[in-house]
Amino acid sequence: MEIVPLGPGFAAELRGIGLADVVARPERYDAVRAAFEEHSVLLFRGQDVTDDAQRAFTRCFGPLEVTKRASLGEGSHFSILTNLDPDGLVVAADHRQALVAKANQLWHTDSSFKSTPALASVLSARVIPPNGGETEFASTRLAWQRLPDDLRARLANAFARHDYAHSRGKISPDLATPVERETLPPVRWRMAWRNPVNGKLSLYVASHAFAIDGMPTAEAQALLQALIALATAPEHTYLHHWRPGDVIMWDNRATLHRGRPWPEGLPRHVVRTTVAATDADGLASVRPTQRRTRRAARLFYRSGKSVSGGL
């Protein structure tokens with residue numbers, strides 16, 4: 001297996017190995033898992049992708065997430081992101097599926113709004129436009145290292161609240177359906193996720209995050225925006241231009257990603273499978289407890305200055 005770097009300090013293409021190899025040979029899985037822990041974003045080119053092949057590959061890395069209510073693929077292991085209707089026609093720009101695609105163009109990490117967040121996502125492009133529709137990634141592990149020391153110390157013990165309806169409300173007030181609001185109430189996560197394999201910390205934020213325990217709402221939202229801007233500065237991102245047969249896997253603990261727009265009227269159809277995080281992936285360390293939440297609030301209340309501006 002050859003590892004070819006792609007991005008600025010993260011992301012790599014794996015050559016000489018395919019999805020089926022990982023399923024069939026444990027030593028190949030071990031090699032890919034090590035690359036995943038190190039590089040955060042992995043690209044496999046020239047794959048003959050089927051639903052079954054993608055699901056089998058994804059399952060190697062942990063328990064499969066079930067697609068949320070009110071989504072295409074609801075109740076299955078497949079999240080279907082498409083602007084095509086059941087007849088294969090491109091939907092109008094104001095159609096819910098088009099608005100969902102627009103919401104996915106916000107910087108986010110998958111499933112941070114769920115009671116069990118995601119470890120990894122695997123995305124295959126089934127129909128891609130001839131231009132546009134790229135996927136862009138940023139390393140929140142490297143972003144953590146760029147933060148000022150005093151801010152890192154505070155964020156290591158801080159907890160942010162994530163809400164699916166909050167991020168969707170940035171696109172349209174009613175984009176999150178009543179059933180989504182009911183089944184996906186806000187959740188809290190520590191703002192630093194430690195990788196138990198290598199001990200490295202990553203900044204854990206997303207467009208779904210809307211509040212920080214112990215901070216006034218306006219200040220918290222300004223800080224969250226500043227942190228995402230720092231993590232996703234253009235010189236620190238990798239923009240993937242899709243080719244037929246591409247499959248990308250990424251670490252939701254250590255990256256942000258977003259879809260990019262494409263010309264209106266052109267079809268785009270991608271399929272995602274997702275691995276739910278477990279305690280073996282460091283999940284227990286980011287779960288809030290009453291003691292941790294109170295401590296985080298005290299730390300922010302004791303601060304005598306705002307940290308929401310210029311990082």
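These lines cover the structure that appears in this document, whether it is placed above or below. These numbers were taken from a predicted model, which means no experiment stands behind them. (Residues numbered from 1 in each chain as written. Predicted model: local features only at pLDDT ≥ 70, side-chain atom pairs only at ≥ 80, totals over all residues. Heavy atoms only, no water.)

**Digging into the packing of aromatic side chains**
Point 1. The final tally for this structure, using the stated rule, is 8 aromatic pairs.
Point 2. Ring centres of Phe-36 and Phe-61 lie 6.3 Å apart, and the angle between their planes is 55 degrees; this geometry places the pair in the tilted category. Here Phe-36, found in helix H2 (residues 26-39), pairs with Phe-61, found in the loop between helix H3 (51-59) and strand S4 (79-82); they are 25 residues apart in sequence, far enough to count as distant. Across the pair, exposure class does not vary: Phe-36 and Phe-61 are buried alike.
Point 3. Members of the aromatic cluster, connected to one another through ring pairs, are Tyr-29, Phe-36, Phe-44, Phe-57 and Phe-61. (Phe/Tyr/Trp six-rings, centres within 6.5 Å; stacked < 30°, edge-to-face > 60°. Helix = DSSP H or I, 4+ residues; strand = E, 2+ residues; numbered from the N terminus. Buried < 20%, exposed > 50% of the residue type's maximum accessible area, 1.4 Å probe, protein only.)

**What about the layout of surface pockets?**
Point 1. In this structure, the largest pocket encloses a volume near 710 Å³.
Point 2. Taken together, 43 residues form the lining of the largest pocket, with Ser-79, Leu-81, Val-100, Asn-104 and Arg-272 sitting closest to its centre.
Point 3. Looking at the lining of the largest pocket, the elements that each hand over two or more residues are S4, helix H4 (96-103), helix H7 (164-169), strand S14 (255-259) and strand S15 (269-276).
Point 4. Partitioning the lining of the largest pocket into residue classes produces 14 nonpolar, 19 polar and 10 charged.
Point 5. By volume, the second largest pocket is sized at about 300 Å³.
Point 6. Lining the second largest pocket are 16 residues; nearest its centre among them are Asn-83, Ala-93, Ala-98, Trp-262 and Glu-264.
Point 7. In the lining of the second largest pocket, the residues fall into 11 nonpolar, 3 polar and 2 charged. (1 Å grid on protein atoms, 1.4 Å probe; cavity = no way out; pocket = protein on both sides within 12 Å on 5 of 7 lines; lining within 4 Å. Points joined across faces, edges and corners; volume = space filled by probe spheres on them. Nonpolar A, V, L, I, M, F, W, Y, C, P; charged D, E, K, R; others polar.)

**A closer look at the side chain of Asp-246**
Point 1. Tracing the sequence through the fold places Asp-246 in the loop between strand S12 (237-240) and strand S13 (247-251).
Point 2. A distance of 2.9 Å separates the side chain of Asp-246 from the side chain of Arg-45, its partner in a polar contact.
Point 3. In terms of polar contacts, Asp-246 uses its side chain to reach the side chain of His-240, at 2.9 Å.
Point 4. In contact with Asp-246, other than residues within four places in its own chain, are Leu-43, Phe-44, Arg-45, Gly-46, Leu-123, Ser-124, Ala-125, His-240 and His-241. (Polar contact = N/O pair within 3.5 Å; in protein donor to acceptor, adjacent residues only side chain to side chain. Contact = heavy atoms within 4.5 Å.)

**Some details on unusual backbone geometry**
Apart from glycine, the bulk of residues carry a negative phi angle, and the bulk of peptide bonds sit in the trans form.
Point 1. For Ala-11, which is not a glycine, the phi torsion comes out positive at approximately 75 degrees.
Point 2. A positive phi angle, near 65 degrees, is found at Ser-111, a position not held by glycine.

**Regarding H4**
Point 1. Listed in full, the buried residues belonging to H4 are Gln-97, Ala-98, Val-100 and Ala-103.
Point 2. Among the structural elements, S4 and H7 are those in contact with the buried residues of H4.

**Regarding the sheet that holds S12**
The strands making up a sheet associate through backbone hydrogen bonding, with each pair oriented either parallel or antiparallel.
Point 1. Pairing within the open sheet is antiparallel, and its 3 strands lie in the order S12-S6-S14. This sheet does not close on itself; its edge strands, each paired only once, are S12 and S14. Taking each pair of neighbouring strands and ignoring which way they run, the sheet shows an average axis angle of 20 degrees.
Point 2. As defined by bridge partners, strand S6 (residues 135-139) adjoins S12 across 4 bridges and the pair is classed as antiparallel. Its bridge partner lying in S12, Phe-137 is registered against Tyr-238. (Pairing = 2+ DSSP bridges. Axes fitted to C-alpha atoms, helices over the stretch in contact; angles between N-to-C directions.)

**Quick look at H3**
Structural remark: α-helix, 3.6 residues per turn; residues separated by three or four positions point the same way.
Point 1. Those residues of H3 that sit buried are Gln-54, Phe-57 and Thr-58. With its buried residues spanning 95 degrees around the axis, H3 presents them on a single face.
Point 2. Those residues of H3 that are buried are in contact with helix H1 (19-24), strand S3 (41-44), strand S5 (118-127), S13 and S15. (Arc of directions from axis to C-beta.)

**Concerning the pairing of S14**
Point 1. Where burial is concerned, most of S14 is hidden: 5 out of the 5 residues are buried.
Point 2. The side-chain alternation of S14 yields two buried faces, one formed by Thr-255, His-257 and Gly-259 and the other by Leu-256 and Arg-258.
Point 3. Pairing of S6 with S14, which is carried by 5 bridges, proceeds in the antiparallel orientation. What sits directly across from Glu-136, in S14, is Arg-258.

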